[in-house]
Structures are given as C-alpha cells and as structure tokens.
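This is what each chain is made of:
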Amino acid sequence: MLQAIVIGGGATGAGILRDLAMRGVSAALVEQGDLVHGTSSRYHGLLHSGGRYAVKDPESARECAVENQIVRRIAPFAVEPCGGLFVRLEQDDPEYARQWVAACREAGIPVEEVDLERLRRDEPLLAGSVREAYAVPDAAVDGWRLVQGNVAAAEALGARVLTYRRVVGLLMDGRRVAGVRLLNLATGEEERLEAELVINAAGAWAGRIAAMASVPLDVVADRGVLLVYHGRLTSRVVNRLRRPGNGDIFVPAGSVTLLGTTATPVPDPDDITVPPEEVAELKRLGAEMVPMAATARILRAFAGVRPLFGKGTGGSTREISRGFAVIDHAAEHGVPGLISVVGGKLTTYRLMAEKAVDVAAAHLGVKAPCRTAEEPILPPPDPKAVERVVHLVGRDLARAVADRHPATLPQIAAAMERPGGRQVVCECEQVTAGELVGTARQLESPSLGDLRRRTRLGMGTCQGGFCGYRAALLLAREGIVAPEQVPALLSRFQAERWRGVRSGLGGLEIRAAELNYALARAQLAVEPVPDGETEAVTPMGGAGHD
Ligand SMILES: Cc1cc2nc3c(=O)[nH]c(=O)nc-3n(C[C@H](O)[C@H](O)[C@H](O)COP(=O)(O)OP(=O)(O)OC[C@H]3O[C@@H](n4cnc5c(N)ncnc54)[C@H](O)[C@@H]3O)c2cc1C
C-alpha cells in the first residue's frame, strides 16, 4: 500500500510529490486533467520578490523574498530572471512609496532606486508620468515547466502520477480517510487507491475534497482576469507603486506580455468566465502605466481562480492574506489520514509543500528532513543533446528548446534530427516539427492542448490560427493520431483558443479574427465544439489552459 496520495497536479501538489519522494515516502499524485489543469497555468507568471505584499502582509512578503531566491536556484529552467520595477505615477501617493521602501527593507527585499532618465531609455513605453522607480528581484516563472520539473524529479525517485483521474470520493474507514475513489476520465471506470495518508492540494477545489470527509475548510475562490498582449511591452516586470489593486502589473513572458489582474470572489471554482467590463478596466488601468496598452494588440484574455484561505471581510478578497495554511484534520477535526494545504501563491509553492510534508512525515514516522531547497530539481540538460540541437537550429532556439524539455532533451534532439524535423511549425514561438513529434511520442493520446503546454505551440500572435492546422496534420502524417481524429483535435484546440481571443478583442480586431476562424472552418469542415465543452472538460481531450 502507498504511504501517501496527493490530490492536485498544480504547483503545490507537484512540490509535495517531489518532497515526499526525496524523503523516501512512497506516493502517487492524482489529477483530474493534465498537469497544471487548474490555477498553476491560469496565473500571471510572476515570481514575486515580495514587494507587492511588503506593506500589507509582511509575512507573505518575507516568504516570497526567500522563496524567490530558492526557486531561481533550484529551477533555473522555469525562471526568466528579467528583474522587476515598482513605478510611482504622478497621481500616486508619495507617502505610500516611502512606507513601501521601508517595508521592503524590513522584509529583506533588495530595493534600488532607478534613475528616471535611464528608466526612459530602458523602458521607453512607460508613461511620462512616472515620478519614482525602484528595481526589485521580480522574475517571470513558467508554471508548466516548474510543475513538470517537480513531477519528473519525483517520478525518477519512484513516485507515480495519474492524470485524467478525478477524485469523486474518499475511502473511509470509520472516521479515518484511507484512500480515494477515482473516476478515470479516459475509460469512464471507477478506480480505488489506498494509502496511509491523503494530502489535499486541490487549490480552489480543496473545500470540495474536504467536504467528502465532512470536514469544513474555508477556501475562497477568487477569480482574476488577465490580458495577453502581442510582443513585450516592457522588458521587466512592472508593478505600480501604490496599494495593490486591479490592473497594476505587467509581466513579459516568452513573446507576449501579461497585464493583470482583477479580484472577484466566485461561488464556483470552475467559473473562469471573462467579463468584458473587467477587460475594459484592465486596459484603462494598464494604460495609465503603459499608454500603449490602450491600443496595442490583445491576443486573448483569460481568467484563473485563486485559492484564498479564510473568509475575508466585507466581500473584498484583496483583504484576505496571500499566506497559506496546512490543516491536519486529525488534530483539527478528529479525522485522521487527511491533511489539507490551502492559500499561498505559486512563488511559495515549495515552502507550502515543505510544511505539508513535515506534518505528513510526523504521522508516517518518517525522520528524513526536507532537502527541496538545497537540491536542484533537475540536473542541467545533457550537454551532448544541447550541442546536437545547437547544431540543428542555432544557439538561441536551442536554449529555448532545452528550457522547454529539461528532462527529455535527448529524445527531442533525436526527433529534430529526422528529415523535416527542423521545419518550423509555430513561427511565433519557434516550435519545430521535430520538437512536436518528439513531445507527442512521449504522451499516450496527445491533444494539441497537451502539446501547447509542453512546447508553447499556439501561444503567440496567431493563437493557433496557422500552426494548429499544421500541427494536427503533422501528428496524422507521423501516425501519432488517426487521420479521422484530426477534425476533433482541431475543433477542441480552436474552441479553447477562440474562447480567450473572443473575450479579449473588440472592434475591427474581432471582425478580422472571426473571419479567419470562419474561413478555416469552412475550408477544413472543422466545427467548433459548443461553449462549455472545451478541452478543459472533455475526457482525454487534454486540458485547455492559458
Ligand atoms: C489571476 C491570477 C494571477 C496569479 N498570479 C500569480 C503570480 O503572478 N505569482 C504567484 O506566485 N501566484 C499567482 N497567483 C496564485 C497562484 O497561481 C496560485 O496560488 C497557485 O497556482 C495555486 O497552485 P495550487 O497547486 O495550489 O492549485 P492549482 O494549480 O489549482 O492545482 C490544484 C489542482 O487540483 C486539481 N483538482 C481539483 N479537484 C480535483 C479532483 N476532484 N480530483 C483530482 N484533481 C483535482 C485541479 O484540476 C488542479 O489542477 C495567481 C492566481 C490567479 C488566479
């Protein structure tokens, strides 16, 4: 029998799995979709320096400051160390800026004032109304790579990962939780998995898991909307230097820039609708910092749901702490065998995992200490494989490919070396045929969404408009999917991409996009799947994320 089952394949669950495996605990992770099906792929992509929380939530700020350095060290393949800025505009309170600088120093966050002339040279699109600017060690972090790295490291130590398995109930032995009942979304069959302990890392859905054991858990699902702009509007993360609010952070990521976010409590954690008024609000507020945000091309809009711990006051979720809690339900509610971990941020995922596994280890009688902060998650990519890829596509693209596939680069290199393997399928993100085929061959039944998360296919300017078709036909030509599967593969991918495009665009842009979409459908007889039946909820269709 297993010692532990982890529910949830987001950053927290993946971090827990790695920590358990490193302490010698036999464990399996169960996830209802593909990995990062939940919030860990629907977020802003900011590895916080802690600056955002320095004034209001010093404990969270300190945690971020420490974890930021750790994540850079242990997961360089997932971090773009672009740096960050806090900028005060003319209309923002200078007194708050003083308070913020002092609070950052108190929390151990390095802050350095930036000369405004230099700032205008380095960030020419910033508003002329910037009156003060400070550099902080913010960075961009790729949630998919971070989770994939943690999972690969855990699997190498013997841990198991079961995706497309939804927990539909807990196995109870009297008051004790003894395992999980799973619905296998591929076969439609129910499965049972037993373990000494179940760790609930289901993010915004954690309350539902706790309810299966009839224990209360205060989790507020807090929806936030993000806009994806074409190109990099800023070279660094740019935060507005005032009390945290909506539309006050730009994060450059890959070939795009993310502007966010909003904060709206929702009763259902699956509610990821994008209200048009929130898109308009983000554009308006973003343009105060970067005027071009009012007119620059928006590729898509999407929403994610924060798992906040606690009830909050008066309905404003900005007042709920971004800290986290580990709940030992044996001690709290007299229900042994169940531990929940809720709240926090992606930046602090490792610390959350450490604290949850400390509690689990005490129950299991495991003495091994946590080593996740000391050891790199993955060894550096195989230098011979890197050289092979450099030889094929040059140093710049080779670096991107190595970052995207830190654990499986030799297989990708081999696929790229085959005839046609260097041909670019996705121009925006520079994804080659070999990279796609090499990735697809590692998956049981790949959807285009699965490939997108692993390679960034379709995440750039065309949003899958061109590369989606090429990729689907490539998979059929290579015998990875049957030719008759191609229309379904495409329609799910298009529907998911289209959902985000439609919410973000307006005016002439949406007319052009609609025409493109209609033409493609007519040419290839691909019908979009109805709203609500996108990849995210279709068994074996692969989860669809942003
Ligand atoms: C708009 C927005 C922007 C954000 N920006 C940032 C940021 O820039 N930096 C930062 O550090 N943090 C940010 N956050 C917070 C951060 O994204 C989350 O705190 C973090 O991703 C949560 O990770 P998690 O693993 O706990 O949850 P999740 O990633 O949601 O993982 C939980 C998993 O559990 C699975 N699950 C649920 N129910 C079941 C079930 N019954 N059976 C099986 N599996 C199940 C889900 O499918 C999901 O994959 C942001 C959040 C939002 C919403």
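Predicted model only: the values in this text are computed from it and were never measured.

Reading the values: rules and limits
- Residues numbered from 1 in each chain as written.
- Predicted model: local features only at pLDDT ≥ 70, side-chain atom pairs only at ≥ 80, totals over all residues.
- Heavy atoms only, no water.
- Helix = DSSP H or I, 4+ residues; strand = E, 2+ residues; numbered from the N terminus.
- Contact = heavy atoms within 4.5 Å.
- pLDDT = per-residue confidence, 0-100.
- Core = buried A, V, L, I, M, F, W, Y, C linked by side-chain atoms within 4.5 Å.
- Buried < 20%, exposed > 50% of the residue type's maximum accessible area, 1.4 Å probe, protein only.
- Axes fitted to C-alpha atoms, helices over the stretch in contact; angles between N-to-C directions.
- Parallel < 35°, antiparallel > 145°, perpendicular 65-115°, else oblique.
- Left-handed = near helix turned anticlockwise from the far one by under 90°.
- Nonpolar A, V, L, I, M, F, W, Y, C, P; charged D, E, K, R; others polar.
- Disulfide = S-S within 2.5 Å.
- Pairing = 2+ DSSP bridges.
- Right-handed = clockwise from strand over helix to strand, strands pointing away.

Colleague: Would you mind showing me how to read the side chain of D19 here?
Modeller: Turning to its location among the elements, D19 is positioned in helix α1 (residues 11–22). For D19, the residues in contact, after removing those within four places along its chain, are A353, E354, V357, C370 and T372.

Colleague: Sorry if this is basic, but what is going on with the confidence of the model for the protein chain here?
Modeller: Interpreting fine coordinate detail is not advised for predicted regions of low pLDDT. The predicted model of the protein chain averages 90 in pLDDT, with 92% of residues at 70 or higher. Counting contacts from residues 530–546, a segment whose pLDDT is below 50, to residues more than four positions away or on other chains yields 59 contacts.

Colleague: I tried to follow the nonpolar core on my own but got confused; where do I start?
Modeller: Buried together is how nonpolar side chains tend to be arranged in soluble globular proteins. Ranked by size, the top nonpolar core spans 52 residues in total, and within it I16, L17, L20, A75, V141, L146 and I377 carry the most contacts. Counting residues per element, this core draws most heavily on helix α9 (residues 349–364), which supplies nine residues. Apart from residues lying up to four places away in sequence, L146 is in contact with V71, A75, F77, A78, V141, L346, Y349 and I377. The next biggest cluster of nonpolar side chains, apart from the first, holds 31 residues, and it includes L182, V198, L217 and A221.

Colleague: Looking at this structure, I do not really get the packing of helix α13 (residues 433–440) against helix α15 (residues 467–477). What am I missing?
Modeller: How two helices pack is summed up by the angle between their axes together with the distance between the axes. Where α13 contacts α15, the two axes come as close as 11 Å, and the packing angle between them is 60°. The angle between α13 and α15 places the two elements in the oblique class. In this structure, α13 crosses over α15, and the sense of that crossing is right-handed. Contact residues: α13 offers A433, L436, V437 and A440, while α15 offers A471, L474 and L475. Broken down by class, the residue content of the contact of α13 with α15 amounts to seven nonpolar, no polar and no charged.

Colleague: Honestly, the state of the cysteines in this entry has me stumped. Any pointers?
Modeller: Here, the word disulfide means a covalent bond between the sulfur atoms of two cysteines. Under the defined criterion, the tally for this structure stands at zero disulfides. Here C82 stays unpaired: no disulfide links it, and the sulfur of C64, its closest cysteine neighbor, is 15 Å away. Under the relative-accessibility criterion, C82 is labelled buried at 14%. With no disulfide of its own, C370 has C64 as its nearest cysteine by sulfur position, at a separation of 18 Å.

Colleague: Even after reading the chapter, I still don't get the pairing of strand β2 (residues 27–30), so can you show me in this structure?
Modeller: Consecutive residues of a regular strand have side chains that alternate between opposite faces of the sheet. Of the two faces of β2, the one holding A27 and L29 and the one holding A28 and V30 are both buried throughout. Inspection of the sheet shows strand β1 (residues 2–7) paired to β2 by four bridges, in the parallel sense. Residue pairing for β2: V6 is matched across the bridge by L29. For the handedness criterion, the β-α-β arrangement of β1, α1 and β2 is classed as right-handed.

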